[in-house]
Amino acid sequence: FLWSDSYEMAGCPGRFAKNPDADFSRKRKLDFENLLRFLISMESGTTGHELLKYFDYDLHVPSNSAFYQQRKKLLPDVFRHLLLQFNSHFPFEKYKGKYQLAACDGSEFNIARNPDDPDTFHPPSGKSTKGFNMIHTVSLYDILNKRYLDCVIQPGRKKDEFRAICELADRYRYGGTPIFIADRGFASYNFFAHAIEKGIFFMARAKDVNVKRLLNLEALPVSFDTEAEVILT
């Protein structure tokens, strides 16, 4: 399915290119379709070695530079579109035949060191003598079907989990009746409002102090089935 999806996307590469009028318009060995397939199938070897394997050790294998230039043309949304297309081929098992249990959580990943990128670079500290670059991701994961549904990628120094989960709620496209399950760090009025507007049920863990603030209470209630009237200004 991934290969057929990449073939279908290759029919309109401008939709996923930074410069749709020019990018991927010339015939190249590493064209849009092969670029996607290579990115999906590459393993942990060096770029040069992976290119050799993908092109069966052809004498005219594209260079590392050619790969970097082609990859730079892609919009990040190309992989989200491919994920949604791939998921559409398989039915979802639902909890009690109705609810889709979607867990949401954040992760951090180190990327290539680049001190000139202030949004991702962490300067030297006790953790690193040279400094490092990092991105932050917030993923939506289907618990019953054990597959990812969506992901928001943010620069490591500009991570905002409130904004990320709101974005995931706004662009949820799988139908049915979803229940978003989130850990501490996601509970906010803004997320609740986005979820309610989209018809999404939600359950988010929160610290005691945040629960008191969200419910506008001096102390935690004995029962958590509590109605609270809160005025927002």
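Just so you know, the residues in each chain are numbered from 1, in the order the chain's sequence is written. Only residues with pLDDT of at least 70 are given local features in this predicted model, and only at 80 or more are side-chain atom pairs given and counted; all residues enter the totals for whole chains, interfaces and linings. Calculation of side-chain values draws on the structure's entire complement of heavy atoms; hydrogens and water are dropped beforehand.

Visitor: Can you lay out the pattern of salt bridges for me, pointing to particular residues and giving the numbers?
Guide: By salt bridge we mean one thing: a side-chain nitrogen of Lys or Arg within 4 Å of a carboxyl oxygen of Asp or Glu. Within the structure shown, the criterion is met by 12 salt bridges. One salt bridge in this structure joins aspartate 58 and lysine 29, with 3.3 Å as the shortest N-O distance. Remark: lysine 29 occurs in the loop between α1 (2-9) and α2 (32-41) and aspartate 58 occurs in the loop between α3 (47-54) and α4 (64-71); sequence separation between them is 29 residues. Only protein chains enter the accessibility calculation, which uses a 1.4 Å probe; a residue whose area is less than 20% of its type maximum is buried, one above 50% is exposed, and one in between is partly exposed. By relative accessible area, aspartate 58 is classed as partly exposed at 29%. Residue lysine 29 is classed as partly exposed on the basis of its relative accessible area of 37%. Strands here are runs of E lasting at least two residues and helices are runs of H or I lasting at least four, both read from the DSSP assignment and numbered beginning at the N terminus.

Visitor: Residues and numbers for the nonpolar core, please.
Guide: In globular proteins that are soluble, nonpolar side chains generally tend to be buried together. Buried residues of nine kinds, namely Ala, Val, Leu, Ile, Met, Phe, Trp, Tyr and Cys, make up a nonpolar core once their side-chain atoms join them within 4.5 Å. By size, the foremost hydrophobic cluster in this structure holds 23 residues, and its most contacted members are Cys104, Leu140, Ile165, Leu168, Phe180 and Phe191. Counting residues per element, the ones that place at least two in this core are β1 (99-111), β3 (132-142), β4 (147-155), α6 (161-170), β5 (177-182) and α7 (189-197). The residues contacting leucine 168, other than those within four sequence positions of it, are Cys104, Val138, Leu140, Asp150, Cys151, Val152 and Phe180. Counting 15 residues, the second-largest nonpolar core is a separate cluster that includes Phe16, Ala17, Phe32 and Phe38. We call two residues contacting when some pair of their heavy atoms lies within 4.5 Å.

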